Amino acid sequence: MKIAVLVKPALDTSQLRVKEGRVVIEETPLKINDIDRNAIEEAIKLKGNDKAYAISVLKWPPLQKRIQEAENLLREALAMGLDEAYLVADEGLIGSDQSATAKAIAAVINKVGADLVLAAEASIDNYTGQVPPRVAAELGWPLITYARELRVEGGKAIAKRDLEDSVETAEAQLPAVVSVTREINQPRIPTLLAIRAAMKKPVNKLTLADLGIKPDVKVELVGYKPVVIQRKRVIIKDGTPEEKADKLLQYLRQEGVI
Amino acid sequence: MKALVVYPNKEALYAASTLGEYAALAVGDAELKAAEGAPVVYNVRGDPRDLGLRISAVLQLAGQYDVIIMPSLKETKTIGGYMSQKLNAPFITDVVSLRAEGGKLLVERYVFGNKATASLRANVPAVLTIAPGKFLGEPPKASTKVVELSPQSAGLFRIAGVEPKASGGVRIEEAEIIVSVGRGFKKKEDLAMAFDLAKALGGQVGCSRPIAADLKWLSEDHWVGLSGHKVRPKLYLAIGISGQPQHIAGILDSRIIAAINNDPNAPIFQYADYGVVEDLYKIVPILIRKAAELKK
Ligand SMILES: Cc1cc2nc3c(=O)[nH]c(=O)nc-3n(C[C@H](O)[C@H](O)[C@H](O)COP(=O)(O)OP(=O)(O)OC[C@H]3O[C@@H](n4cnc5c(N)ncnc54)[C@H](O)[C@@H]3O)c2cc1C
Ligand SMILES: Nc1ncnc2c1ncn2[C@@H]1O[C@H](COP(=O)(O)O)[C@@H](O)[C@H]1O
């Protein structure tokens, strides 16, 4: 089964750079969106003798520096076991909304072909979960979101959808788009040998012109403001457990919260 | 601006009413009831779980509305993404503030794991989901005109079964005191300590994602964080929780945050008002005893 995996080069939010009350996107490193590793793992399990490939669309500036960074990240995905990667990088996608991202992804899928598209439930930097449904709409394919279990049987994807207060069993005819949760599997850590082998696998770079897409901007960014966390940060580290417990309770009583 | 509310609840109806004229789409009787008071309600008979049915209904009505507004749920994110692509519209999720200006929408949402807010100016038509607890007004009550609608389902998938999830019977968003547990607890049985402490303090028990999602020691109604519940208690006491950004994202609005962790370098201490460096197995039993004494 031929599988496309959507792998987002996401901002590493644990290393978000803030200077003089401003978020400095350009200096914040990228990483593979965490849950996308689960999608990659699932693809490697399901692909059989066919190929599984990554599609990444660059969203964060500065473009030139990010292309190199994203290529390095894609080597990690290849080391996990994907066969090749497609990286869409274009100034027109920086700051565009997700409809152009989905169009670009769908265009790659139409070009390369796929029986199944795997993605993650959400990305760490945006956390919207909208790209997989948008890709399904763009391709006109069935869609299953929030899969915590997945199997493919008789040309169908069968998944357990993890909703807030219930679990649904969903079935869809292939080709289909499926987004997975973190609980679906444990992503593998590539061996040294696999890392070396990944250096030889192809990373294909594409622009919007290659895909015949024109972006248009429907959402304008007015600005980012860091959320300032002002906590007292009083640390109680000396004394016996008994003394520490007394101190904590005393502080909490002073605050009037207990 | 004209807004259409999908998956109507009070907060989404109120948010829509602040923009001007509005209507609601109801699939099934429960939603018809929830939409009561909206000037126009489109009523669709059918399975509320059929996402394709809802998508078709909205796409049929979308031409008459500038904004589609929904509460933030997994299903609204699913259909929101799908409809937006069909409508060639922006989809902005977890909106915390919203107003119309010069024919555009000015919205704010948290980004980067809730470490920043983004202010955005969006063209209409637009699709939005609103974060819980941010639109707490009373929607005006009109006499409702019900319009029957019978769309064809777009059929995203077939539902072969539904199992309800176990519930711990807590409403963690409403708790004033939360004693929250993480992977620092070694065994499921040890969580009894946290329940005892919560009881002594008059609070509820919360947890980090692995406790609910991976280990399944607690039901998901206890789960706090970016992908769990957002809480705003007077006191949030994190025990054996490392303080990863996705956990912190759920507790930003807490009044006082306290933490117990045996690793002095645990990130949770950066986000806490009061941090105790100690083995939870040593200090929690003492806290239970002392908290119970305070009560007397
Ligand atoms: C997209 C995404 C969404 C996520 N959403 C959420 C979410 O909603 N909520 C959430 O919580 N996480 C979420 N996570 C997971 C998050 O990144 C962390 O993995 C998780 O919060 C860690 O849980 P923890 O603190 O319980 O465990 P750990 O990180 O393993 O921390 C355990 C802590 O216990 C301490 N400890 C160990 N023994 C003791 C002892 N005897 N006494 C005292 N302290 C001890 C350790 O020092 C350590 O700090 C999400 C991740 C992703 C990628
Ligand atoms: N720029 C992108 N490139 C590749 N895949 C993406 C991109 N953005 C989102 N995705 C996929 O869609 C999922 C959900 O992302 P989001 O809609 O941003 O929350 C991600 O986990 C990826 O699998």
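Look a little higher up for the structure.
Please read these numbers as outputs of a predicted model, since none were measured by experiment. (Residues numbered from 1 in each chain as written. Chains lettered and ligands numbered in written order. Predicted model: local features only at pLDDT ≥ 70, side-chain atom pairs only at ≥ 80, totals over all residues. Heavy atoms only, no water.)

**Some thoughts on the site of ligand 1**
- If you check the shell around ligand 1, you find 31 residues, and the closest are B:Ser208, B:Ser227, B:Ser242, B:Gln246 and B:His247.
- Residues close to ligand 1 are split across chains A and B.
- Here a nitrogen atom of ligand 1 sits 2.8 Å away from a polar atom, N or O, in the main chain of B:Val224.
- B:Gln246 places a polar side-chain atom, nitrogen or oxygen, 2.7 Å from an oxygen atom of ligand 1.
- Summarising the interface, the protein chains cover 86% of the accessible area of ligand 1, which totals 990 Å² for the free molecule.
- Mapped by element, the contributors of at least two residues to the shell around ligand 1 are α6 (209-214), α7 (245-248) and α8 (280-295) of chain B.
- Considering only residue class, the shell around ligand 1 consists of ten nonpolar, 13 polar and eight charged. (Near = heavy atom within 4 Å. Polar contact = N/O pair within 3.5 Å; in protein donor to acceptor, adjacent residues only side chain to side chain. Areas by Shrake-Rupley, 256 points an atom, 1.4 Å probe, with all protein chains shown as cover. Helix = DSSP H or I, 4+ residues; strand = E, 2+ residues; numbered from the N terminus. Nonpolar A, V, L, I, M, F, W, Y, C, P; charged D, E, K, R; others polar.)

**Notes on α8(B)**
- Taking 1.5 Å of rise per residue, the 16 residues of α8(B) would be expected to cover 22 Å, and the 22 Å separating its terminal C-alpha atoms lies within 8% of that figure.
- Among the residues making up α8(B), those that are buried are B:Leu280, B:Ile283, B:Val284, B:Ile286, B:Leu287, B:Ile288, B:Lys290 and B:Ala291.
- Among the structural elements, α7 (241-254) of chain A together with α5 (191-201), β13 (235-239), β14 (256-261) and β15 (274-277) of chain B are those in contact with the buried residues of α8(B).
- Of the residues flanking the start of α8(B), the one acting as N-cap is B:Asp279, its side-chain oxygen 2.8 Å from the backbone nitrogen of B:Tyr281. (Expected span 1.5 Å × (residues − 1). Buried < 20%, exposed > 50% of the residue type's maximum accessible area, 1.4 Å probe, protein only. Contact = heavy atoms within 4.5 Å.)

**As for empty space enclosed by the protein**
Residue and element names in this part refer to chain A.
- Applying the stated criterion to the full structure yields three cavities of 30 Å³ or more.
- Taken as a whole, the largest cavity encloses approximately 270 Å³ of empty space.
- Lining the largest cavity are 24 residues, and of these Leu6, Lys8, Asp36, Ser123 and Val131 lie nearest its centre.
- Counting only elements with at least two residues in the lining of the largest cavity, the list comes to β6 (52-57), α3 (98-112), β8 (116-120) and α4 (131-139). (1 Å grid on protein atoms, 1.4 Å probe; cavity = no way out; pocket = protein on both sides within 12 Å on 5 of 7 lines; lining within 4 Å. Points joined across faces, edges and corners; volume = space filled by probe spheres on them.)

**A few points about the sheet that holds strand β1 (residues 3-6) of chain B**
- The strand order across the open sheet formed by ten strands is β14(A)-β7(B)-β6(B)-β5(B)-β8(B)-β4(B)-β1(B)-β2(B)-β3(B)-β9(B), and the pairing between neighbours is mixed. Two strands lie at the open edges of the sheet, namely β14 (219-226) of chain A together with β9 (145-149) of chain B, each paired on one side alone. Strand-to-strand twist in this sheet, taken as the mean axis angle between neighbours without regard to direction, amounts to 30 degrees.
- In terms of strand pairing, β1(B) meets strand β4 (residues 67-71) of chain B through three bridges, oriented parallel. Paired with B:Ala3 across the bridge in β4(B) is B:Val67.
- Helix-sheet contacts for helix α1 (residues 10-17) of chain B involve β1, β2 (22-27), β4, β5 (91-101) and β8 (126-130) of chain B, and the interaxial angle to β4(B) is about 155 degrees.
- Where helix α3 (residues 51-61) of chain B meets the sheet, its contacts fall on β1, β2, β3 (40-44), β4 and β9 of chain B, and the angle it forms with β2(B) comes to roughly 155 degrees. (Pairing = 2+ DSSP bridges. Axes fitted to C-alpha atoms, helices over the stretch in contact; angles between N-to-C directions.)

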